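The primary structure of each chain is shown beneath.
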Amino acid sequence: MNETPVKQQNTAAYYAQAVASFGLALTALAVGIAKLEASAWVRGFLAVAVLYLTTSAFTLAKVVRDRQEAGQIVSRVDQARLEKMLAEHDPFQKP
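Residues numbered from 1 in each chain as written. Predicted model: local features only at pLDDT ≥ 70, side-chain atom pairs only at ≥ 80, totals over all residues. Heavy atoms only, no water.

Colleague: Explanation requested: the overall build of the protein in the structure shown.
Modeller: Per the secondary structure count, the protein includes two helices and zero strands. Summed over all atoms, the accessible surface of the protein reaches about 9000 Å², with 66% contributed by carbon and sulfur. Taking the average place of the 10 positive charges on the side chains of the protein and the average place of its 8 negative ones, the gap between the two points comes to 9 Å. (Helix = DSSP H or I, 4+ residues; strand = E, 2+ residues; numbered from the N terminus. Areas by Shrake-Rupley, 256 points an atom, 1.4 Å probe, with all protein chains shown as cover. Lys, Arg positive; Asp, Glu negative; His and termini not counted. Charge placed at Lys NZ, Arg CZ, Asp CG, Glu CD.)

Colleague: Before we go on, may I ask you to explain the pattern of salt bridges in this structure?
Modeller: Once the charged atoms of two side chains with opposite charge are near each other, the side chains can pair. Applying the stated criterion to the full structure yields two salt bridges. Notably, a salt bridge pairs Asp66 with Lys62, separated by 2.6 Å at the nearest N-O pair. Residue Asp66 and its partner Lys62 are both found in helix 2 (residues 40-88); the two are separated by four residues, about one turn of the helix. Given the relative accessible area of 29%, Asp66 is considered partly exposed. A relative accessible area of 45% places Lys62 in the partly exposed class. Its salt-bridge partner being Arg65, residue Asp66 comes within 3.1 Å of it at the nearest N-O pair. What makes Arg65 partly exposed here is its relative accessible area of 43%. Salt bridges linked by common partners bring Lys62, Arg65 and Asp66 together as one network. (Salt bridge = Lys/Arg side-chain N within 4 Å of Asp/Glu carboxyl O. Buried < 20%, exposed > 50% of the residue type's maximum accessible area, 1.4 Å probe, protein only.)

Colleague: Where do I start with the layout of surface pockets in this structure?
Modeller: A water-sized probe, rolled over the atoms, reveals where empty space remains. Volume-wise, the second largest pocket comes out at about 160 Å³. Elements that contribute at least two residues to the lining of the second largest pocket include exactly helix 1 (12-35) and helix 2. Among the elements that line the lining of the second largest pocket, the one with the most residues is helix 2, at four residues. The residue inventory of the lining of the second largest pocket, partitioned by class, reads four nonpolar, no polar and two charged. (1 Å grid on protein atoms, 1.4 Å probe; cavity = no way out; pocket = protein on both sides within 12 Å on 5 of 7 lines; lining within 4 Å. Points joined across faces, edges and corners; volume = space filled by probe spheres on them. Nonpolar A, V, L, I, M, F, W, Y, C, P; charged D, E, K, R; others polar.)

Colleague: Would you take a moment to explain the side chain of Thr54 for this structure?
Modeller: With respect to the secondary-structure elements, Thr54 resides in helix 2. Other than its neighbours up to four places away in sequence, Thr54 contacts Phe22 and Leu26. (Contact = heavy atoms within 4.5 Å.)

Colleague: Please clarify how a nonpolar patch on the surface should be interpreted in this entry.
Modeller: Together, Leu36, Val42, Phe45 and Leu46 give the surface a local cluster of nonpolar side chains, amounting to about 340 Å² of exposed area. Within the secondary structure, Leu36 is located in the loop between helix 1 and helix 2. (Patch = residues over 30% accessible without salt bridge, like charges linked within 9 Å, V, L, I, M, F, W, Y side chains within 5 Å.)

Colleague: So what exactly am I meant to see when it comes to the environment of Thr54 here?
Modeller: Judged by its relative accessible area of 16%, Thr54 is buried. Separated by 32 residues in sequence, Thr54 and Phe22 place their C-alpha atoms 9.9 Å apart.

Colleague: Help me out: how do you make sense of the environment of Ser21 in this one?
Modeller: Positionally, Ser21 belongs in helix 1. On the accessibility criterion, Ser21 (46% relative accessible area) is partly exposed. Sequence separation between Ser21 and Asn10 is eleven residues, and the spatial gap between their C-alpha atoms is 16 Å.

Take a look at the structure:
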């Protein structure tokens with residue numbers, strides 16, 4: 001009954017693809033803002049908005065990951081307590 005969940009690891013290729021994709025998207029957006037035919041104030045506003053959105057996305061991803069990891073720890077503790085209770089329980093013991 002001891003079912004330890006397998007810890008999933010991302011491959012190096014998946015990690016590299018994610019980093020490359022993020023870098024490409026950010027570079028394309030920066031080039032698009034730089035080439036935009038608008039005043040410097042508009043381009044500056046868009047650049048600051050992109051930076052804010054990027055940091056917010058990283059923060060959101062971290063919060064979601066932390067919440068998921070906390071749930072897994074609580075689940076493991078509850079599972080260990082249940083297994084201990086079941087191991088100690090003797091159905092044939094007289095009350």
